[in-house]
Each structure stands twice: as structure tokens, then as C-alpha cells.
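Secondary and tertiary structure notes
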Amino acid sequence: MAKHFFVRAADVPTYHPANHSGTTNRRLIGPETVGAKNVEVLLGVIEKGEGATTHAHPGMEQVCYLLEGSATVELEGERREMRPGDACYFPADKMHKFTATSEQPAKVLVIYSPPYGESPDKVRR
């Protein structure tokens, strides 16, 4: 197997995503790490009371899987509290918001299809 298909989170640089506060991401799977063309996987760490402001991704689906901590998710008038092991799905073009609520930082695995790459044309506020 090719070495470039495997990613260790500690080896991936961090960045602070647009329209988020108190959030540090690592792009684990994407075009620049493994050459993925149709999917992107991020590891996000979000401080209490921080997260994504209300936004949508035109033509792009998103999944969040909570690994640690807790968070509140708002989508289409629904508000849910997430705990470790919970997942949520954001359909393309639907406004959503994600806020960490636990004392310790929330850790979340985020999957985009197609890849987001922080492209300004792939987000609507």
C-alpha cells in the first residue's frame, strides 16, 4: 500500500476556519493530503461557547460525528444537543449552526462531499 494514503493527525497543520470562532481544524483527508477528489475529512477542536456561525454550503453535503465533549446543533428550526457517538447531517444549501457546550473542548470529525477546502464560493452566510 502506498504511504501517502495514511494520515496521522499530529502531522497535519492546523488552521482556523472562516466563519468559526474558537475552532482549530486539521484537514486529514483531502486533495492536498491523499489526493481525494470527492470527499474531505477534518478533525475539529472547538472551545466552549464557540463554533460555526449560521451558514450553508451550496451544492455540498456535510456530516459531523462528535468524538468528545458536547455541542448544540441548529438546522431548519430544529435544535439538538449532541453527545459523543452522535452524528448529524447537513444537506446541501441548508443553513446550520454548530456550538460546543462542554467545559472541555468538543472534538468533531467533519466530512464534506465534495471537498470544501475553505473556498469562499462554497459557503453562504
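Quick note: structure is the one above.
Residues numbered from 1 in each chain as written. Predicted model: local features only at pLDDT ≥ 70, side-chain atom pairs only at ≥ 80, totals over all residues. Heavy atoms only, no water.

A few points about the overall build of the protein
Within the protein, the regular secondary structure consists of zero helices and nine strands. Going from the N terminus to the C terminus, the protein shows its helices and strands as β-β-β-β-β-β-β-β-β. In summary, the protein has a C-alpha radius of gyration of 14 Å against a globular reference of 14 Å for 125 residues, a match within 12%. By its C-alpha atoms, the protein is 45 × 30 × 25 Å across when sized along the principal axes. Within the protein, contacts between residues separated by at least 24 positions form 65% of all contacts whose residues are at least 6 apart in sequence. For the protein, the exposed area adds up to about 7,000 Å²; of that, 54% sits on carbon and sulfur atoms. The averaged location of the 16 negative side-chain charges in the protein is 3 Å from the averaged location of its 15 positive side-chain charges. (Helix = DSSP H or I, 4+ residues; strand = E, 2+ residues; numbered from the N terminus. Rg over C-alpha atoms; globule rule 2.2 N^0.38 Å. Contact = heavy atoms within 4.5 Å. Areas by Shrake-Rupley, 256 points an atom, 1.4 Å probe, with all protein chains shown as cover. Lys, Arg positive; Asp, Glu negative; His and termini not counted. Charge placed at Lys NZ, Arg CZ, Asp CG, Glu CD.)

Looking at the pairing of strand β6 (residues 78-82)
Two strands pair when backbone bridges link them, and strand β5 (residues 71-75) and β6 are joined in this way by five bridges, in the antiparallel orientation. Counted as the bridge partner of Leu75 is Glu78 from β6. What sits between the antiparallel neighbours β5 and β6 is a turn of two residues, in which Glu76 has the positive phi angle 50°. (Pairing = 2+ DSSP bridges.)

Examining the pairing of strand β4 (residues 61-68)
One ladder, built from seven bridges, connects β4 with strand β9 (residues 106-113); its direction is antiparallel. Among the inter-strand pairings, Tyr65 is bridged to a residue of β9, identified as Leu109. Bridge count between β4 and strand β7 (residues 87-90): four bridges; the pairing is antiparallel. Following the sheet pairing, Cys64 is matched in β7 by Cys88.

Description of the environment of Leu66
With respect to the helices and strands, the residue Leu66 is situated in strand β4. What makes Leu66 buried here is its relative accessible area of 0%. Along the primary structure Leu66 and Cys88 are separated by 22 residues, whereas in three dimensions their C-alpha atoms are 8.8 Å apart. Residues contacting Leu66, with those up to four places away along its chain left out, are Ala71, Met82, Arg83, Pro84, Gly85, Asp86, Phe98, Ala106, Lys107 and Val108. (Buried < 20%, exposed > 50% of the residue type's maximum accessible area, 1.4 Å probe, protein only.)

What about unusual backbone geometry?
Of note, the amide linkage connecting Ser113 to Pro114 takes the cis form, showing an omega dihedral of -5°. Tracing the backbone through its elements, the reader meets Pro114 in the segment after β9. The backbone phi angle of Glu76 is positive, close to 50°, even though this residue is not glycine. Mapping Glu76 onto the fold places it in the loop between β5 and β6. Overall, the relative accessible area of 57% leaves Glu76 in the exposed class. Positive phi outside glycine occurs at Glu118, with the angle close to 60°. Checked against the element boundaries, Glu118 lands in the segment after β9.

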